[in-house]
Amino acid sequence: MRLIASMLTLAALGASGPALAAWSEYPHPELGFVVEFPDPPKESMGNYRTVLVDSAPVHVLSENENGAQYIASIVDLQNRGGDGASLSIEAEFNLSLLGDIRDNSISRVEPGKAAVFGRFITIACRSGRIPDQPGQTEAAHKWFSEVTGGAECPDGGRLIVNLFFNRGRMYMLSGINPPTADAGPAALRFTNSLSFFDAQGKRNRAD
């Protein structure tokens, strides 16, 4: 389940020590993915609404620990499978209105021909972003709250997102550190813990 091969991420994870030792995998084959949480996550449903999507159900798994939030949002877009590129870029645009982009790089899950590519985005949360058109910033904050089950990108906080579109679903893993915390290893571990089940409901042996 390796996503971003950066020395910074590896060093942060390696230095995390016992604080991350209790994390466990939570497989959801019915949603096509596996993710790690420090404790059993709470599950809820939401509604995904954007300019391009009138309405779509969102499965939300979330857990809070020491002020940090870990949220996995899975949007059912089976009838929009051919629009994955546009829908993903729209999500990136909405995320950019939540603050200042500190990093936006390529992310990958699974090796070889099974690879699924996405985006790994780090945002310094800041309200008051000036949008291209009036109302876009407010709409982006409302969108983020709905897709994460009520979470916010707090001023001075740090949001880390791993974003994928795979087989008719959008997967958005969000790690939110409050203003009093740095972008620590727990948020990196969570957002990098995603892996997928294949179309036959099996996991890649190399995962």
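Predicted model only: the values in this text are computed from it and were never measured.

### Some remarks on the sheet that holds strand E10 (residues 195-196)
At step 1: One open sheet holds the three strands; their spatial order is E1-E2-E10, and the pairing between them is antiparallel. In this open sheet, the two strands that pair with only one neighbour each are strand E1 (24-28) and E10.
At step 2: Relative to E10, strand E2 (residues 33-37) runs antiparallel, the two being bridged by two bridges. Note on E10: the bridge partner recorded for Val 34 is Ser 195.

### Some words on the nonpolar core
At step 1: Ranked by size, the top nonpolar core spans 29 residues in total, and within it Tyr 48, Leu 95, Phe 144, Leu 159 and Met 170 carry the most contacts.
At step 2: Beyond its immediate stretch of four places on either side in the chain, Leu 159 contacts Leu 95, Leu 98, Ile 121, Thr 122, Ile 123, Cys 125, Phe 144, Cys 153, Ser 174, Gly 175 and Ile 176.
At step 3: Counting residues in each nonpolar core, the second largest holds 20 residues, with Leu 31, Ile 74, Ala 186 and Phe 190 among its members.

### Details of the confidence of the model for the protein
At step 1: For the protein, the mean per-residue pLDDT works out to 87, and 86% of the residues sit at or above 70.
At step 2: Residue range residues 1-20 is modelled with pLDDT below 50. Its contacts to residues more than four positions away, or to other chains, number 39 contacts.

### A few points about the packing of helix H2 (residues 84-96) against helix H3 (residues 136-147)
At step 1: In the contact formed by H2 and H3, the axes pass within 8 Å of each other and the chain directions differ by 110°. With respect to each other, H2 and H3 are oriented roughly perpendicular. Contacts from Ala 91, Phe 93, Asn 94 and Leu 95 of H2 reach H3 at Gln 136, Ala 140, Trp 143 and Phe 144.
At step 2: When grouped by side-chain class, the residues that make up the contact of H2 with H3 number six nonpolar, two polar and no charged.

### Here's the deal with the packing of aromatic side chains
At step 1: Evaluated as defined, the whole model comprises nine aromatic pairs.
At step 2: With a centroid separation of 5.6 Å and 45° between ring planes, the pair formed by Tyr 70 and Phe 190 is classed as tilted. Here Tyr 70 is found in strand E5 (residues 68-76), whereas its partner Phe 190 is found in helix H4 (residues 185-191), with 120 residues between them in sequence. The pair Tyr 70 / Phe 190 is uniform in exposure class, with both members buried.
At step 3: Residues Tyr 171 and Phe 196 carry aromatic rings whose centres are separated by 4.9 Å and whose planes lie at 65° to one another, so their mutual orientation is edge-to-face. Linking Tyr 171 in strand E9 (residues 169-177) with Phe 196 in strand E10, this pair joins segments that are 25 residues apart in sequence. When sorted by exposure, Tyr 171 lands in the same class as Phe 196, which is buried.
At step 4: Three or more aromatic residues link up through ring pairs in this structure, and these residues are Trp 23, Tyr 26, Phe 37, Tyr 70 and Phe 190.

### Examining the environment of Ser 195
At step 1: If you trace the backbone, Ser 195 turns up in strand E10.
At step 2: Sequence separation of Ser 195 and Val 116 is 79 residues, and the distance between their C-alpha atoms is 9.5 Å.
At step 3: Engagement of the side chain of Ser 195 in a polar contact is seen with the side chain of Arg 203, the distance being 3.3 Å.

### A word on the sheet that holds strand E6 (residues 99-109)
At step 1: Reading across from one edge, E3-E4-E5-E9-E8-E7-E6 is the order of the seven strands in this open sheet, with antiparallel pairing throughout. Two strands in the sheet have a free side with no partner beyond their single neighbour: strand E3 (42-48) and E6. Going across the sheet, the axis of each strand differs from the next one's by a mean of 20°, ignoring polarity.
At step 2: In this sheet, strand E4 (residues 56-65) lies alongside E3 in antiparallel orientation, the contact comprising seven bridges. By the bridge assignment for E4, Tyr 48 is matched with Ala 56.
At step 3: Across the sheet, H2 touches E3, E6, strand E7 (116-125), strand E8 (158-166) and E9, and the angle it forms with E8 is around 170°.
At step 4: Here H3 sits on the sheet and contacts E3, E4, E5, E8 and E9; the angle it forms with E9, its principal contact strand, is near 100°.

### Some remarks on the state of the cysteines
At step 1: The full count for this structure, using the stated rule, is one disulfide.
At step 2: Between Cys 125 and Cys 153 runs a disulfide, and the two sulfur atoms are separated by 1.9 Å. Between Cys 125 and Cys 153, the S-S torsion sits near -85°, and that sign places the bridge as left-handed. Of the two residues, Cys 125 sits in strand E7 while Cys 153 sits in the loop between H3 and E8, which places them 28 residues apart along the sequence. You'll find Cys 125 and Cys 153 in the same group, each marked buried.

Each value, and the rule that gives it
- Residues numbered from 1 in each chain as written.
- Predicted model: local features only at pLDDT ≥ 70, side-chain atom pairs only at ≥ 80, totals over all residues.
- Heavy atoms only, no water.
- Pairing = 2+ DSSP bridges.
- Helix = DSSP H or I, 4+ residues; strand = E, 2+ residues; numbered from the N terminus.
- Core = buried A, V, L, I, M, F, W, Y, C linked by side-chain atoms within 4.5 Å.
- Buried < 20%, exposed > 50% of the residue type's maximum accessible area, 1.4 Å probe, protein only.
- Contact = heavy atoms within 4.5 Å.
- pLDDT = per-residue confidence, 0-100.
- Axes fitted to C-alpha atoms, helices over the stretch in contact; angles between N-to-C directions.
- Parallel < 35°, antiparallel > 145°, perpendicular 65-115°, else oblique.
- Nonpolar A, V, L, I, M, F, W, Y, C, P; charged D, E, K, R; others polar.
- Phe/Tyr/Trp six-rings, centres within 6.5 Å; stacked < 30°, edge-to-face > 60°.
- Polar contact = N/O pair within 3.5 Å; in protein donor to acceptor, adjacent residues only side chain to side chain.
- Disulfide = S-S within 2.5 Å.

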